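# Examining the three-dimensional arrangement
Spelled out, the chains give:
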Amino acid sequence: MTEQRAGKKKRIPGEEPLQQRAVALAARKMRSAADLRQKLIAEGYGAGDVDAAIERLKEVHLLDDTRMAQAVGRHYKDRGNRFIAQKLREKGIAADRKNSALEELPAEFERALAAGEKKLRSLQAMEPRAQAQKLFQHLATRGFGGSVVQKVLRQLTGNAAEN
């Protein structure tokens, strides 16, 4: 009798196994609709059934791409707009939701300035030109745009970046 129970999963009355699996995946980790769709199709469920299950999850607010986009934006708040937009693209978030996530954050220049100030503290022992190069590299790899990085360099290091 114990072996019989071990093989059976708990079922919610009136719900299909696909719907239960979709709820379980959505509850375990915040996912975008595209991410959940891809995962369920990879598990062998039909595309039409998966789309219906995803629509049901959206109706009951268990799946919300706008909330997902805002959470990704907050998680990477110390990164540039390009980096955040790339992460959102990877998760299958639509462009209009990307914009809402970026609008919620402080301006890119302010975020770059904060990241630059933090990095500059660890570069104090270096000569000014080397500081500027390291700072440029650090900010660029964090996804900040070139013009934003140049403005931050000018503000933090003065003319050392231009020499």
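## Observations regarding the packing of helix α8 (residues 108-122) against helix α9 (residues 128-141)
Running from N to C, α8 and α9 point in directions that differ by 135 degrees, and their axes come no closer than 10 Å. It follows that α8 is oblique to α9 by the angle criterion. When the axes of α8 and α9 are compared, the crossing they make is right-handed. Across the interface between the two elements, Ala-112, Ala-115, Gly-116, Lys-119 and Leu-120 from α8 touch Gln-131, Leu-135, His-138 and Leu-139 from α9.

## Observations concerning the side chain of Arg-31
As for its position among the elements, Arg-31 is in the loop between α2 (17-28) and α3 (33-42). Side-chain polar atoms of Arg-31 contact the side chain of Asp-35, separated by 3.4 Å. When neighbours within four sequence positions are excluded, Arg-31 is seen to be in contact with Leu-25, Leu-36, Lys-39, Leu-63 and Met-68.

## What to know about helix α10 (residues 146-157)
Taking 1.5 Å per residue, 12 residues should reach 16 Å; α10 reaches 16 Å between its end C-alpha atoms and fits that length. Among the residues of α10, those classed as buried are Val-148, Val-149, Val-152, Leu-153 and Thr-157. All buried residues of α10 lie within an arc of 135 degrees about the axis, which places them on one face of the element. Structural note: α10 exposes Ser-147 and Gln-155 on the side pointing more than 90 degrees away from its buried face. Looking one or two residues beyond α10, the residue adopting positive phi is Gly-158, at roughly 70 degrees.

Thresholds applied
Residues numbered from 1 in each chain as written. Predicted model: local features only at pLDDT ≥ 70, side-chain atom pairs only at ≥ 80, totals over all residues. Heavy atoms only, no water. Axes fitted to C-alpha atoms, helices over the stretch in contact; angles between N-to-C directions. Helix = DSSP H or I, 4+ residues; strand = E, 2+ residues; numbered from the N terminus. Parallel < 35°, antiparallel > 145°, perpendicular 65-115°, else oblique. Left-handed = near helix turned anticlockwise from the far one by under 90°. Contact = heavy atoms within 4.5 Å. Polar contact = N/O pair within 3.5 Å; in protein donor to acceptor, adjacent residues only side chain to side chain. Expected span 1.5 Å × (residues − 1). Buried < 20%, exposed > 50% of the residue type's maximum accessible area, 1.4 Å probe, protein only. Arc of directions from axis to C-beta.

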